[in-house]
Amino acid sequence: MENKLIDHLFRYHSGKMVSVLTRIFGLSHLETIEDAVQDTFIKASVAWRQQQPENPEAWLTKAAKNRVLDIFRKLKAEKNLLPNLQQSRDFIAVNELFLDAEIEDAQLRMIFTACHPDLDPRDRISFALKTVSGFSIKEIASALLTKEETVKKRLFRARKTIQKGTIQFHIPQGKALPQRLESVMEVLYLIFNEGFHSNTQEQLIRKELCGEAMRLCQMLLKNELTRSSVVYALFALMCFHSARLEAKINSSNEILDLKQQDRSLWHFPLVQLGNTMMNKAVLDPEYSCYHYEAAIAAEHLRAEHFDDTNWTKILYWYECLYAMQPIPIHILTMAVVCLQSLDFDKAKHYLEQLEASDLEQRSYLYYGTLSDYYYATKNIEKAIEYLDLALQTVTNSLEKEHLQRKRITLTNSTLKRKS
Amino acid sequence: MKEFMMIFVGADYADLGLSPEELQNRMGKWFAWGNKMEAAGILRGGNALNPQIRRIVGENRTVTDLTSAEVKEIIGGYYLVVAKDFDAVQEIAQDFPDYDLGGTVEIREVTVFEDHK
């Protein structure tokens, strides 16, 4: 007997079942539903030890449906809180909700619920990962590098807001849709970035988060209502970034910047997929931030070697991005780009527009860039001075090691000069 | 060759807060282990046990119903295998998937009553 299960079947199925059952029983019963769905996986994990069913998905679906009906029958015996599902007409309707297209519809409703603007922004990610993606509290905590207690609190808060009853379990229509879609994309991109930029030791978790964000993004593209050029652009961007995921970390778990990455490790099928998506994204002449970010990522991928990078083009895309989204980090990045193209005056021009506090917790990036600027303009003392400031403000241990290695190189170069 | 029973003692999955992903992975390991024993032709049977317990104790035959949460060490299942000796079964038991959850494998030899003719 071979193992017939596709990877992540349980996790994917969890999101599907929670969504469909929520559509039937309502958001107010979410917790009961999640418990019931979890029960079916426990049951399956034992029942399938020796023999797996011919159609595992159908088995799980049926088990989840029955389990919830069981629970509600019990509850109904106590209180009268449930639509009477035994009435044949309702029962047929319920069965139809378990068809594939309806499951996808229910999942989209759940995504829009999880990303609802009434929820605290920090709670949205945890809630989406739990409810839509089937992660456990422990998995969410380790993926987001937070404590399990914090995740629990966030989930509790999200559920409380939802139980107030003002959030509808639907896909928004008409004028509300673009704005709500934007909120969904923001959460998906945050989930993706948690995976892409996180420095957890476990490469697996990083990939899972990126993969999950892409899977949810594909769901948006699959549905006519939610498909848009902006979603295509976001998906293209995720493809371009994840093409480099393998190359970002070396075998001893050190971060490699674009210059050091082994470009032969870039995953070209993803680049191609990204290109296809990008072609669809630009059919609409109105561009979003995701369009520009994708254009930048694509430009990096186009260069066979780091030295072939077209910095002029990249700077142009950043200018476009900054015009649409005027945030300090883009100015800093433009300074970095200018340093790469050896346009030091322009780099200085950008750096002078910034202060360390503009970048908040990431002020070490500002100091690091200033250090690079002074190193490039041969002012080694100042370069070391700013590198030390960067070291004082950096919190992430991998980044810290990266900066420390840099400092050693810098001090060595001064020693050489003096001797 | 002798018959041995491997008895699995430990916490019930339901009480451990495992994620769907973890449950699938564990299930896959159990499945692979069962397959391996079957392929080696040493598996004689086995079952998983539901966590509900009815216990009858003492002369008065006092009956209590218990759930896994009320019992520290619950028997979750067993396999019956044929092997040369305890060491051989110990080797087989290396693949038991739940040691990291605090699970225990207890190996017992099945008693054979000699037939005195």
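Fair warning: this is a prediction, and the values are worked out from it, not measured in the lab.

Some thoughts on the overall build of chain B
- Counting secondary structure elements, chain B contains 2 helices and 6 strands.
- Going residue by residue from the N terminus, the α and β elements of chain B occur as β-α-β-β-β-β-α-β.
- Across its three principal axes, chain B shows a C-alpha extent of roughly 45 × 45 × 20 Å.
- By sequence separation, contacts in chain B at least 24 residues apart represent 78% of the contacts at least 6 residues apart.

Considerations on the overall build of chain A
- Scanning chain A from terminus to terminus reveals 19 helices and 0 strands.
- Along the three orthogonal principal directions, the C-alpha set of chain A runs to about 90 × 45 × 45 Å.
- Residue burial in chain A is summarised as follows: out of 419 residues, 36% are buried.
- Within chain A, contacts between residues separated by at least 24 positions form 59% of all contacts whose residues are at least 6 apart in sequence.

Regarding the interface of chain A and chain B
- Tallying the contact residues gives 20 residues for chain A and 16 residues for chain B.
- At the level of elements, α1 (9-25) and α2 (30-47) of chain A are the ones that each hand at least two residues to the side of chain A that touches chain B.
- Looking at the side of chain A that touches chain B element by element, the count peaks at 5 residues for α2(A).
- Here the side of chain A that touches chain B is built from residues that sort into 10 nonpolar, 7 polar and 3 charged.

Topic: the pairing of strand β3 (residues 53-57) of chain B
All names here are of chain B.
- Of all 5 residues in β3, 0 are buried; the element is thus mostly exposed.
- Two elements, β3 and strand β4 (residues 62-66), share 5 bridges in a ladder whose sense is antiparallel. From the neighbouring strand, Ile53 faces β4, where its bridge partner is Leu66.
- Connecting β3 to the antiparallel partner β4 that follows it, the hairpin turn spans 4 residues, and Gly58 within it adopts a positive phi of roughly 75 degrees.

Overview of the environment of Leu301(A)
Residues and elements named next belong to chain A.
- As for its placement among the helices and strands, Leu301 is situated in helix α13 (residues 289-302).
- Of the residues examined, Leu301 has 20 C-beta atoms within 10 Å and is grouped as buried.
- Distance in space between the C-alpha atoms of Leu301 and Val271 is 7.8 Å, their sequence separation being 30 residues.
- In this view, Leu301 contacts Phe240, Ala243, Trp266 and Val271; residues no more than four positions away in its chain are not counted.

Quick word on the nonpolar core
- In terms of nonpolar packing, the biggest core is built from 111 residues, with Ile111(A), Leu188(A), Ala213(A), Cys217(A), Leu234(A), Ala236(A) and Ala294(A) touching the most fellow members.
- For this core, the leading source of residues is helix α11 (residues 229-243) of chain A, giving 12 residues.
- Not counting chain neighbours up to four residues away, the residues in contact with Ala236(A) comprise Gly274(A), Met277(A), Met278(A), Ala281(A) and Ala294(A).
- Counting 9 residues, the second largest nonpolar core, distinct from the first, contains Met6(B), Val81(B), Ala83(B) and Val105(B).

Focus: α2(A)
- Relative to the 26 Å expected for 18 residues at 1.5 Å per residue, α2(A) spans 26 Å between its end C-alpha atoms, a close match to the ideal helical length.
- Buried within α2(A) we find Leu30(A), Ile33(A), Glu34(A), Ala36(A), Val37(A), Gln38(A), Thr40(A), Phe41(A), Ala44(A), Ser45(A) and Val46(A).

A look at the packing of helix α7 (residues 137-144) of chain A against helix α8 (residues 148-163) of chain A
Residue and element names in this part refer to chain A.
- Viewed as axis vectors pointing N to C, α7 and α8 meet at an angle of 110 degrees, and their least axial separation amounts to 8 Å. As far as their axial angle goes, α8 and α7 are roughly perpendicular. Crossing of α7 against α8: the hand is right-handed. Contact with α7, carried on its side by Ile137, Lys138, Ile140 and Ala141, involves Glu148, Val151 and Lys152 of α8 and no other residues of that element.
- Here the contact of α7 with α8 is built from residues that sort into 4 nonpolar, no polar and 3 charged.

Regarding unusual backbone geometry
Residues and elements named next belong to chain A.
- Residues other than glycine seldom take positive phi values, yet Leu342 does so here, at roughly 60 degrees.
- Its location among the elements puts Leu342 in the loop between α15 (328-340) and α16 (344-351).
- Positive phi is not limited to glycine here, since Lys378 has a value of about 65 degrees.
- Secondary-structure assignment places Lys378 in the loop between α17 (363-376) and α18 (380-393).
- According to the C-beta neighbour criterion, Lys378 is exposed, with 8 such atoms within 10 Å.

Calculation notes
- Residues numbered from 1 in each chain as written.
- Chains lettered and ligands numbered in written order.
- Predicted model: local features only at pLDDT ≥ 70, side-chain atom pairs only at ≥ 80, totals over all residues.
- Helix = DSSP H or I, 4+ residues; strand = E, 2+ residues; numbered from the N terminus.
- Contact = placed C-beta atoms within 7 Å.
- Buried ≥ 20, exposed ≤ 12 C-beta atoms within 10 Å, placed from the backbone.
- Nonpolar A, V, L, I, M, F, W, Y, C, P; charged D, E, K, R; others polar.
- Pairing = 2+ DSSP bridges.
- Core = buried A, V, L, I, M, F, W, Y, C linked by C-beta atoms within 7 Å.
- Expected span 1.5 Å × (residues − 1).
- Axes fitted to C-alpha atoms, helices over the stretch in contact; angles between N-to-C directions.
- Parallel < 35°, antiparallel > 145°, perpendicular 65-115°, else oblique.
- Left-handed = near helix turned anticlockwise from the far one by under 90°.

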